[in-house]
Amino acid sequence: MAKMYFQEDSDLSHLQGLTICIVGYGNQGRSQALNLADSGQQVIVGSRRDESYQAARRDGFQVLPVAEAVQQSDIIFLLVPDEVMPRVFEREVAPNLEAGNMVVFASGYNIAFDLIEVSPDVDVVLVAPRMIGAGVRDTYLSGEGFPSLVAVHQAATATAWERMLALCEGIGSIQMGVIESSFLEEATVDLFAEQVGYLYAVRRYCEALVEAGCSPEAAMLEFYASGEGIATAKAYRDIGLWDQITLHSRTSQYGQEVTARLSPEEEEAEKQRLKAIIDHIQDGSFAREWAAEQQAGFPEFDRVRSLNMDHEMRSAERRLYRILGRTKNSTSEE
């Protein structure tokens, strides 16, 4: 079982006298900066002059160019998107780091796949919230907190672990508990959840029902458009994946547990499919593929996105959502 750490394991005094820099004032960056400031920490923001710069100024933070903010800081949170992070790090962060600094990542991606290399005299840690940015702020304010995956990848100082846990307390995660992990594990579970094929599976379910004579509207309402799944997802979170089954009718329980169960042969085939996805992630193939796609100007991404946006199920979805009042009428949409 993975080791977990809680409030009694952290001490904010390990951050005393240190300046924390947030690079990337988006959903996660803003929430974590505000939480750290409310926890009594000295926080500055590194940003170019865009909307995020103005947002940070409105929130009361000192905002500096990234390179200058890094120079003035002891701890640097890198909260820019994974695909631009190596460039930002190489040009504006790495040249301005000093021995004993700490670099904090919220995603394992760039370290796990050797896209960023940090000087050996700098601490490298992972604090990866399992919560969207807005939730990071909301659960801090409510006192509930949120879980995170954490790791010390490179301990250049004797207090890397203690400072990392103090940061978890500062952003509001230690209250619920943080789980010891690694950069590769975080990247694996994160990418796997994205690549397992849920969106295509739901579309296939709806297509199968339509081919069987059901209306697209009935199919989409059943699987996602009604919002019923939100309540089910909350039950997964609060009770557990299998324990929540008792909230359903006996007919539903039988269908989900017995009828839906794969045969041993089907189960093995599905496990092999999932294993192939994980292997593609962990051996670096996906990272190389994604890097090549970016360098080429996103041709495959744009091609597949166009196919998905033009799919007949999306057209039916847009019609249903206009009827439900969720999207405005538009002559540009089918």
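In this text, all values refer to a predicted model and were calculated from it rather than measured experimentally. (Residues numbered from 1 in each chain as written. Predicted model: local features only at pLDDT ≥ 70, side-chain atom pairs only at ≥ 80, totals over all residues. Heavy atoms only, no water.)

Scanning the model with the defined rule gives seven aromatic pairs in all. Taken together, a centroid distance of 5.3 Å and an interplanar angle of 65 degrees make the contact between Tyr5 and Trp161 edge-to-face. Linking Tyr5 in strand 1 (residues 4-5) with Trp161 in helix 7 (residues 160-171), this pair joins segments that are 156 residues apart in sequence. On the basis of relative accessibility, which here comes to 9%, the residue Tyr5 falls in the buried class. Judged by centre distance (6.0 Å) and plane angle (70 degrees), the ring pair of Tyr25 and Phe61 falls under edge-to-face. (Phe/Tyr/Trp six-rings, centres within 6.5 Å; stacked < 30°, edge-to-face > 60°. Helix = DSSP H or I, 4+ residues; strand = E, 2+ residues; numbered from the N terminus. Buried < 20%, exposed > 50% of the residue type's maximum accessible area, 1.4 Å probe, protein only.)

Evaluation of the coordinates by the stated rule reveals eleven salt bridges. Note that Arg130 and Glu186 form a salt bridge whose closest N and O atoms lie 3.1 Å from each other. Of this pair, Arg130 sits in the loop between strand 7 (123-129) and helix 6 (133-142) while Glu186 is found in helix 8 (residues 183-195), placing the two residues 56 residues apart along the sequence. In this structure Glu186 comes out as buried when scored by relative accessible area, which is 2%. (Salt bridge = Lys/Arg side-chain N within 4 Å of Asp/Glu carboxyl O.)

Glancing now at the sheet that holds strand 3 (residues 42-46). Taking strand neighbours across the sheet as the criterion, the nine strands line up as 1-9-8-7-6-5-2-3-4 in an open arrangement whose pairing is mixed. Of all the strands in the sheet, just strand 1 and strand 4 (62-64) have a single pairing partner and so form its edges. Its contacts with the sheet put helix 1 (residues 27-38) on strand 2 (19-23), strand 3, strand 5 (75-78) and strand 7, and the angle it makes with strand 2 is roughly 165 degrees. (Pairing = 2+ DSSP bridges. Contact = heavy atoms within 4.5 Å. Axes fitted to C-alpha atoms, helices over the stretch in contact; angles between N-to-C directions.)

This paragraph deals with the packing of helix 1 against helix 7. Any two packed helices are characterised by how steeply their axes cross, that is the angle between the axes, and by the distance between the axes. Contact geometry for helix 1 and helix 7: axes closest at 7 Å, N-to-C directions at 95 degrees. Between helix 1 and helix 7, the angle falls in the class roughly perpendicular. Side by side, helix 1 and helix 7 meet where Gln32, Asn35 and Leu36 of the first sit next to Leu167, Gly170 and Ile171 of the second. Of the residues in the contact of helix 1 with helix 7, the class split is three nonpolar, three polar and no charged. (Parallel < 35°, antiparallel > 145°, perpendicular 65-115°, else oblique. Nonpolar A, V, L, I, M, F, W, Y, C, P; charged D, E, K, R; others polar.)

Counting residues in each nonpolar core, the largest one holds 35 residues, and the members touching the most others are Ile22, Tyr25, Leu36, Ile75, Phe77, Val104 and Leu167. Elements that contribute at least two residues to this core include exactly strand 2, helix 1, strand 3, helix 2 (51-58), strand 5, strand 6 (102-105), strand 7 and helix 7. Of the residues forming this core, the biggest block, seven residues, is contributed by helix 7. (Core = buried A, V, L, I, M, F, W, Y, C linked by side-chain atoms within 4.5 Å.)

We now examine unusual backbone geometry. If you check the backbone angles, Asp114 has positive phi at about 55 degrees while not being a glycine. Tracing the backbone through its elements, the reader meets Asp114 in the loop between helix 5 (109-112) and strand 7. Given the relative accessible area of 67%, Asp114 is considered exposed. Positioned with a positive phi, Phe298 is a non-glycine residue whose angle comes to about 65 degrees. Along the polypeptide, Phe298 turns up in the loop between helix 14 (285-295) and helix 15 (299-309).

The residue Val84 is located in the loop between strand 5 and helix 4 (85-93) in this model. Through-space distance from the C-alpha of Val84 to that of Ala166 is 28 Å; in sequence the pair is 82 residues apart.

Our focus in this paragraph is the side chain of Thr139. Along the polypeptide, Thr139 turns up in helix 6. For Thr139, the contacting residues outside a window of four places in its chain are Met131, Glu144, Gly145 and Phe146.

Quick look at the environment of Tyr53 now. In this fold, Tyr53 is placed in helix 2. In the structure, Tyr53 is positioned twelve residues away from Pro65 in sequence and 9.4 Å away in space, judged by C-alpha atoms. Apart from the residues lying within four places of it in its own chain, the contact partners of Tyr53 are Ser47, Arg48 and Val63.

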